[in-house]
Every structure is written in C-alpha cells, then in structure tokens.
Amino acid sequence: MTETALLSVEDVSVDLPTPRGNLRAVDRVDLTVGAGRTLGIVGESGCGKTMLSRAILQLLPKKAKLSGRVMFDGQDLVRLDPERLRKLRGRSLAVVFQDPMTSLNPVLTIGTQLIETLQEHLELDGNAAKRRSAELLAAVGIPAPEQRLMQYPHQLSGGMRQRVAIAIALSCEPKLLIADEPTTALDVTIQAQILDLLAREQRRRHMAMILITHDLGVVAGRTDEVAVMYAGRVVERAPTAALFKNMRMPYTEALLAAIPKIDAAPHTPLPAISGRPPDPTRPIQGCSFSPRCRYAAGQCHREKPSLAAAESADHQYACFHPIEIAARVPA
Amino acid sequence: MATLELSIGEEVAVTQAPRARRLGPLFWAAIGWMIFVFAAAALAGLLPLPSPTDMDMLERRAPASVLHWLGTDGLGRDELARLVYGARISLTVGLCAPVIGITIGGALGMLAGYFRGRFESLVVGSMDVLLAFPPLILALAVTAYLGQSILNLTCILGVLGIPAFMRVARAATLTLARREFVIAAQALGATHARILLRELLPNVFLPLFAFFLLGVAVTIVVEGALSFLGLGVPPPISSWGSMIGEGRESLEVAPRLAFLPAIAMFLTVLSFNLVGDSLRALTDPRQGAL
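Because the structure is a prediction, the values reported are computed rather than measured.

Caption draft 1: The overall build of chain B, seen in detail. Within chain B, the regular secondary structure consists of 10 helices and 0 strands. Along chain B, helices (α) and strands (β) appear in the sequence α-α-α-α-α-α-α-α-α-α when read from the amino end. Within chain B, the fraction of its 290 residues that count as buried is 41%. Long-range contacts, defined as pairs at least 24 residues apart, comprise 70% of the intrachain contacts of chain B with a sequence gap of at least 6.

And the structure:
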C-alpha cells in the first residue's frame, strides 16, 4: 500500500449551504486507492458516501463548497482547469450510478449513448464505434448486443440497464471506476451478478474501483480495503480481511450485526442501531456516534476522536474505546 | 370540509389517469383536416381557382354557382379563392410566429433552466416584463408604428409567444437537469453544449412541440383578431380574420361571408388544439414514469 496511489483524497470536506444552516456532508476525509485496487466505502444513508464520490469527480452541486485536495494520477482535480477535467472524466474516471432507471437518457437509444461516448473520447469513426459498442455490451453479458443497440432504456430490465450503464462507464477503459451503490436499485438475484461483473471487468482491465454501498456483505468478498463512514467522517479504515477479523469501531460492529443471518431462526429481530444519525447541520461535540454507541463513556461525549493508526499502520479507527479483540461480540 | 374537497380531487385525478393514452378517431380527423387545409394552401396557385383579388361588380354577394363555388363577397371576389389564399396567410403567420417563439423562447428557457443563477433571474425577469404588457395593445402599437405587413405581423406575434415557450422549456429543463443521466453525462466528460443539445433537447422537445401546436392555434386566432380590427395583413390580401371583418358589414344580407372563414378558422384551431392536447397527454405520463 505504500506504492504511489492512483487516487488520494486529502483532507476533503464538503459543505452544503441549506436553509437550516451549513451542512457538513463530508468532514475531513483522507483516502487512497492504489492502481488496480478496490476500496469499499460503507455507511448508512446520508453519511456522505455519495457526496464524497461527487467530490472526487468534481460533480458537486453548484452551491457546495469543497476544501482539501483530490490527487488523481499526479493532478489535483480540485484545481484542474475545467477543460482538462472534462477530458479526464469518462476517459480516466468513470462512474456507475445507483439507479439505472434514471442514469440513462430515456429518449436516446442505448446505442446512441454508447457510440457517442466512444466517438467523443476515443475519436473512433461511426462503424468502429458501433462495433466496439456491441463488443462492450457482449462483455457485460448482454445477449444479442447488435439488436440491443437500437433499443431504448425503457425496453430493458433494471439489471440490463445497469449492465448498459457499466458498459458506458467501461467504454473508454478508465483507470478508476466509482460505483455508487450500483446494486441498491436491483433485485437481490441480480445484485450478485452485477457485482461479479464489476469484479471481473476490474481484474481484466486492471482498473481501480471505489465500491460505495451500505451493505457490509457486498464489501466483504470484493474489496481490498474498506472505509466505514459515519456522519461525514471515516471512522474506521482497514484492509478488508483485517476489518472483518477484528473490527475496532463500535459502529462497524453494529453495522455488521444488523445484517440478517442465514442461520438465524425465522422472525429473529435484527439488532438495529438505535437512534438516528446526528443532524448534519448541527454538529455535536464529541464523537458523532456517541449518542448511539453502547460503549460510549464520558470522554466520547466531550472530545472528537481522530482517525489514528492502531496496532498496524493500515488499520485506522476513530474511537476512544475500541472493541478489544478478545471481547468482540461474535458476529 | 377541507378533507372532503381533497378526496374529490384525488378521485378526479385517478379517473383521468388512464385516459388519452390512445389517439382516438378525433385525433385522426383533426390531422385529416390539417392536411387538407395545408394542401389547399400550398397548392393554391395550382388549383383551378379564380383570382382572389379580381372584382366583379356585377356579381356582388352572388350565391354559390358553378363559376363561384362558394359565391362571391361584397366586392364580387370569389369566396372560395379568398378562403384558400386566406389560409395561406393565416397558416404562414400561424406557423412562423410560433417558430420564432419556440426557437428563442426554447433556447432561453433551456439555458435558464440549465445554468440557473443570475442568467435565469435575468431571463425570467425580462419575460415577466413582456408578459405584463397587454399583448393586443402591443401588437396594435407596433403595427400602427411600423406599418402593416405580413412580416411585421409575424414578428410581433412571434415575440409575444417567447415568454410562454421560455416557461415551458425552463420548467422541463429544471426537472430534467437534476436527473442522474445529466450527471452521468457530465461524469463522462460531456460539454455543456453537448448536454444541452444531445441529452436535454430531445427530452424537452416533446412537451415544447405539443405546446407549439397550441401556440399555432392561439396565433391564428390573434392574427384573425388583428386582421378583423384592420391591423393585420394589408388589403386586398385576404386572411381569415380580414374576411370575417369584411363579412361583418353584410351579416344580415349574406351571413356566409363572415361565417365561412369563421368556420375554417374554428376547425383549424380546433384541430391544432386537439392534436396538441393529445400529444401532451401522450407525453405527460411517460415523462412521469421515467
């Protein structure tokens, strides 16, 4: 992990002005992704996962204020001039969105959408772009790709559409793919297929990937490293195996405990995390998870723990009272 | 009381939803009439019609005959020829003016809806100013000042249509610009021009076109009103509005002179409204579902 990172997010904060006051969606996040590696970002709704991905792509809402640096391939995306940033997007940086119902243009055929992207970035002529589009569709597992090219998004199923969205994202061989909850809007049976497809294409193209999800189960088998976000901050970050072996942050543990277990008796209530995430327009003093944390003590309510390395350099967490490895609740 | 009203409103909405998915016979009748009028107007020079301006003082207000199928008007001019040539004027103005509106208004609306900010405030503000001015008075003032010609008439009516088109385009763009596919296009490195023309325009065009057809209908009526007031096309050119105006003088002797152009205008306007409404109903639910 000490090799030069493809992407490094350094001290990035995103502030959104709202009628109720300033909303800090992302709070001083540091992350790195090496070339060809996969980073999972996990957290519940509203924890800033999507805003962080938008911040990396420089696609924040106009009123949002971004601070910090986003170094990609030796360039700071935050300060890059718009034209060069535009060329970088699509070509080196691509994104797959959550909902394939809305991420494809409803009035253009999928062929048009694919072919125009190819023509724009790779400067292929019409026929070559068409051939390549069909190859891409075949690569993402769409049968009869030539005919599909002439169809509109509403003629495809949700899983098919997400495959098309992935094909468009992969079309220009990006170095980094950001998958923002790529399976949340899909059937459970399709979810695994799409995730396997992403993993396969990633390996084949030696592409780095950021997999954003609220499901720790999705992250477990498919990432090299995991960052857990809560209330805009990264609260625990570790190589995937280390995280699942001995997680230290109580929030991570609570998230994992909230996944239904296949061997549990029917109607077993899930151990939900009580309470709600803090109001991001009103930052609280102390650890933002302390009101919901069962280990919270006096210090947790007064001071904010910082993300620090513990026993090994690549396992970091922000907690005063981490779970002792021996005392861990079996998950 | 309030809850009662609310529940009635919901019932109405529910019963209306499945309606108008199909284009009924009325739609096709309207299309048929439009084709008929367009063909007649376009081929007016080729049809075996007498000149619409040749006067025959001996045959004033003559009834229908083999020579004059629909009779003659107060100055002995062939009524059918004047109707057909009048359709030319009414349709030219009726189509060209909304084209000005849809082009300028549509472009302004899309830019305003996409870029937001100060530009949007400026556009919306200036359109409000234009809307606040009584349209007929403006049209009267301009024709009186610049003179009567088809070009002037078209321009005035076109400019008057800009605010409405701007609003339709801006409203459609506002909702579309927040859809994920626009962000996806940005993430793929699309330029603003590309997003506006390739991603947004095809989506905005359908509601805009449906509104365009309604605009045609309104413009034909306004042109008729201006011509009726004597501020439309200069005589002896005929337009439906000026024909109604001229026929008014002999309403009790030969009512058909006013009613024939009125019926032609009524049917044409109704056709445009029907087609526009059907198209709008057709596009609305789909827009919502996507």
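Don't stop here, the text continues.
Caption draft 2: Highlighting the packing of helix 3 (residues 79–115) of chain B against helix 6 (residues 150–177) of chain B. Closest axis-to-axis distance for the helix 3 of chain B/helix 6 of chain B pair is 5 Å, and the angle between their directions is 35°. Judged by the twist between their axes, the crossing of helix 3 of chain B over helix 6 of chain B is right-handed.

Caption draft 3: Representation of the pairing of strand 10 (residues 233–239) of chain A within the structure. All names here are of chain A. Along strand 10, 6 of the 7 residues are buried, which leaves the element largely enclosed by surrounding structure. Counting the residues that bridge the hairpin from strand 9 (residues 225–230) to strand 10 gives 2 residues, and of these Ala 231 lies at a positive phi of roughly 50°. Where strand 10 meets strand 12 (residues 316–317), 2 bridges bridge the pair, whose relative direction is antiparallel. Looking at strand 12, one finds that Glu 236 is bridged to Tyr 317.

Caption draft 4: Layout of unusual backbone geometry. Residue and element names in this part refer to chain A. A positive phi is found at Arg 28, a non-glycine position, where the angle reads about 45°. For Arg 28, the position within the fold is in strand 2 (residues 21–33). Classification of Arg 28 by C-beta neighbours within 10 Å gives partly exposed; the count is 16. Here Ala 231, not a glycine, exhibits a phi torsion of approximately 50°, which is positive. Assignment of secondary structure puts Ala 231 in the loop between strand 9 and strand 10.

Caption draft 5: Structural detail: the interface of chain A and chain B. Chain A puts 23 residues into the contact, and the matching count from chain B is 15 residues. Taken together, the elements giving at least two residues each to the side of chain A that touches chain B come down to helix 2 (82–91), strand 6 (93–96) and helix 3 (110–122) of chain A. With 5 residues, the top contributor of residues to the side of chain A that touches chain B is helix 2 of chain A. Residues of the side of chain A that touches chain B, tallied by class, amount to 10 nonpolar, 7 polar and 6 charged.

Caption draft 6: Local environment of the nonpolar core. A:Val228 and A:Val235 are the most contacted members of the largest nonpolar core, which has 146 residues in total. Examining the composition of this core, we find that 13 residues originate from one element, helix 8 (residues 192–228) of chain B, more than from any other. Core analysis: the second largest hydrophobic core is formed by 12 residues, B:Ala97, B:Ala139, B:Leu157 and B:Leu226 among them.

Caption draft 7: Seen up close, the confidence of the model for chain B. Residues and elements named next belong to chain B. On average, residues of chain B score 79 in pLDDT, and 84% of them reach the 70 mark or higher. For chain B, the element scoring lowest by mean pLDDT is helix 1 (residues 2–16), at 42; helix 6 scores highest, at 89. The low-confidence segment residues 1–20, where pLDDT is below 50, has 2 contacts with residues more than four positions distant or belonging to other chains. Predicted complex, confidence summary: ipTM 0.77, pTM 0.76.

Caption draft 8: Broad picture of the environment of A:Val234. Residue and element names in this part refer to chain A. Note on placement: Val 234 falls in strand 10. Placed 72 residues apart in sequence, Val 234 and Ser 306 show a C-alpha to C-alpha distance of 9.5 Å. Excluding residues that lie within four positions of it along the chain, Val 234 makes contacts with Val 29, Leu 31, Ala 227, Val 228, Met 229 and Leu 307.

Caption draft 9: Highlighting the environment of A:Ala35. All names here are of chain A. Assignment of secondary structure puts Ala 35 in the loop between strand 2 and strand 3 (38–42). Here Ala 35 falls in the partly exposed class, since 15 other C-beta atoms lie within 10 Å of it. Between the alpha carbons of Ala 35 and Lys 175 there is a distance of 7.4 Å; along the sequence they are 140 residues apart. Excluding residues that lie within four positions of it along the chain, Ala 35 makes contacts with Leu 6, Lys 175 and Ala 208.

Caption draft 10: Structural context of helix 3 of chain B. Residue and element names in this part refer to chain B. Here helix 3 contains 37 residues, and its C-alpha end-to-end distance of 53 Å stays within 8% of the 54 Å for a straight helix at 1.5 Å per residue. In terms of residue burial, helix 3 counts as a mostly covered element, since 26 of its 37 residues are buried. Directly beyond the C-terminal end of helix 3, a positive phi value near 55° is found at Arg 116.

Caption draft 11: How the structure looks around helix 4 (residues 126–139) of chain A. Residues and elements named next belong to chain A. Over its 14 residues, helix 4 runs 20 Å from end to end, which matches the ideal 20 Å to within 8%, given 1.5 Å per residue. Inspection of helix 4 places Ala 129, Ser 133, Ala 134, Leu 136 and Leu 137 among the buried residues, and these make up the whole buried set. All buried residues of helix 4 lie within an arc of 160° about the axis, which places them on one face of the element. Set apart from the buried face of helix 4 by more than 90 degrees, the exposed residues are Asn 127 and Glu 135. Next to the buried residues of helix 4 lie helix 3, helix 5 (145–148) and helix 6 (158–170). One or two positions beyond helix 4, positive phi appears at Gly 141, with a value near 80°.

Caption draft 12: Representation of the pairing of strand 7 (residues 176–180) of chain A within the structure. All names here are of chain A. With 5 of 5 residues buried, strand 7 lies mostly within the body of the structure. Going residue by residue along strand 7, you find Leu 176, Ile 178 and Asp 180 tucked away on one face and Leu 177 and Ala 179 tucked away on the opposite face as well. With 4 bridges connecting them, strand 6 and strand 7 associate as parallel partners. Bridged to Leu 93 within strand 7 is Leu 176. With 5 bridges joining them, strand 7 and strand 8 (residues 208–213) adopt parallel strand pairing. Of the residues in strand 8, the one forming a bridge with Ala 179 is Leu 211. Chirality of the crossover, the property in question, places the unit of strand 7, helix 7 (residues 188–205) and strand 8 among those that are right-handed.

Criteria and thresholds
Residues numbered from 1 in each chain as written. Chains lettered and ligands numbered in written order. Predicted model: local features only at pLDDT ≥ 70, side-chain atom pairs only at ≥ 80, totals over all residues. Helix = DSSP H or I, 4+ residues; strand = E, 2+ residues; numbered from the N terminus. Buried ≥ 20, exposed ≤ 12 C-beta atoms within 10 Å, placed from the backbone. Contact = placed C-beta atoms within 7 Å. Axes fitted to C-alpha atoms, helices over the stretch in contact; angles between N-to-C directions. Left-handed = near helix turned anticlockwise from the far one by under 90°. Pairing = 2+ DSSP bridges. Nonpolar A, V, L, I, M, F, W, Y, C, P; charged D, E, K, R; others polar. Core = buried A, V, L, I, M, F, W, Y, C linked by C-beta atoms within 7 Å. pLDDT = per-residue confidence, 0-100. Expected span 1.5 Å × (residues − 1). Arc of directions from axis to C-beta. Right-handed = clockwise from strand over helix to strand, strands pointing away.

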